[in-house]
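The chain contents come next:
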Amino acid sequence: MKTELTDDALELGRVMDTALAKAGGADLARAAEAGTGIDEVTTILDQLGLWDLRPRESAEDGEAAAAACRSAGRVALPYPVAERLAADPDAGFDAVTVATGPVARVNLIGLAPELSWVVSDGRARRAPVVTAGPALGTKLGPLVSEVELGTWESDDSAPLALLLPCWTLLGMLESALDKTRQHMLDRKQFDQPIASFQALQFRLADTTTTLQGFQELAKYTLWSVLSGQAGAAVDVLACRVSALETAETVFRTAHQMHGAMGFCDEVDLSWLSRHSQAIRRLPWGLSQTRKRLLDGMATVPFAGLYGDGLVGARDHAPL
């Protein structure tokens, strides 16, 4: 497996970080909820040439796509970067996301209605989006819309469509932790920075270690998907479980260190936290993702520390 992204992917990430910071960073999310600023975002992404990437065809492009999603997450970018990069324009669709349930809900679709969207059910099927309703406008799903779907057909886009949003979430978590560290250096109690308090140092160190573990798993899963490993479908679900668990840990620490001000929209942490909710809740929350992981482990071959996974486990009586 590869433990580092290519130099070209890392350079794309740095260039995208710089461009988005100059454009306003988290202020772009503020503008999107107010109904403005989307033209500026699309112009930046077009100039970066993101839509020329073909992650399905090239591992190098896949790593660049992951780096781009990570950069988008760092500012809670209000645009479906992961959904577009996971799509296959040659197959007739510009954006793909995973959604299940009696009412399909899709994040960010209202910001790019001109695109041809499809929805994957996570089990090798997809359906085109026929119509999309208005954004829900809720605090935890401000840019989520309910959609009407067409006829289902076979599809293989689920692994990449599930993985790239994990990289977006990774960028959000890295940014949230960076802002938390800076806040701890700036915030003073008893005439000294709260970063000097040993208990808070331990808490931040534990959270950082958890995030680093997720970073390594995200890189492994990217290699597994792009190289077509037999257990890629299981690896992606495991990566999403780790992403959701890590997000809970990081944002809990970040909000506790910031105190009440972390929930105020004047603070960037609030926007990162709220806009992460759509990724964390759609298409499934933690318990549903764990269930799908266990189901996948019983049916999809994968390499494990103690053998070849749990394939065929359903056929055996419990011990």
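For the structure itself, consult the block above.
Treat the numbers as computed from the prediction; the structure is a model and nothing was measured.

Draft legend 1. Structural view of the side chain of S273. Here S273 is to be found in helix α9 (residues 268-281). For S273, a relative accessible area of 9% gives the class buried. Separated by 3.0 Å, the side chains of S273 and H255 make a polar contact. Each residue touching S273, except ones within four places of it in the same chain, is listed here: F251, H255 and R280.

Draft legend 2. Quick look at the state of the cysteines. This model, assessed by the stated rule, comprises zero disulfides. Here C166 is not disulfide-linked; the sulfur of C239 is the nearest cysteine sulfur, at 4.3 Å. C239 gets classed as buried once you look at its relative accessible area, which sits at 0%.

Draft legend 3. Region of interest: the environment of D39. Relative to the assigned elements, D39 resides in helix α3 (residues 38-48). Separated by 72 residues in the primary sequence, D39 and L111 have C-alpha atoms spaced 9.8 Å apart.

Draft legend 4. Representation of the packing of aromatic side chains within the structure. By the definition in use, this model includes two aromatic pairs. Ring plane angle 40° and centroid distance 6.0 Å describe the contact between W51 and Y79, whose orientation is recorded as tilted. In this pair, W51 is assigned in the loop between α3 and α4 (59-74) and Y79 in the loop between α4 and α5 (81-85), connecting sequence segments 28 residues apart. For Y79, a relative accessible area of 4% puts it in the buried group. Taken together, a centroid distance of 5.6 Å and an interplanar angle of 45° make the contact between Y220 and W223 tilted. Linking Y220 with W223, this pair stays in helix α7 (residues 198-226), spanning three residues, or about one helical turn. Given the relative accessible area of 24%, W223 is considered partly exposed.

Draft legend 5. Looking closely at the pairing of strand β1 (residues 95-98). What you see with β1 is no split at all: A95 and T97 on one side and V96 and V98 on the other are buried throughout. Where β1 and strand β3 (residues 117-120) come together, four bridges link them in parallel fashion. Bridge pairing links A95 to W117 in β3.

Cut-off values and rules
- Residues numbered from 1 in each chain as written.
- Predicted model: local features only at pLDDT ≥ 70, side-chain atom pairs only at ≥ 80, totals over all residues.
- Heavy atoms only, no water.
- Helix = DSSP H or I, 4+ residues; strand = E, 2+ residues; numbered from the N terminus.
- Buried < 20%, exposed > 50% of the residue type's maximum accessible area, 1.4 Å probe, protein only.
- Polar contact = N/O pair within 3.5 Å; in protein donor to acceptor, adjacent residues only side chain to side chain.
- Contact = heavy atoms within 4.5 Å.
- Disulfide = S-S within 2.5 Å.
- Phe/Tyr/Trp six-rings, centres within 6.5 Å; stacked < 30°, edge-to-face > 60°.
- Pairing = 2+ DSSP bridges.

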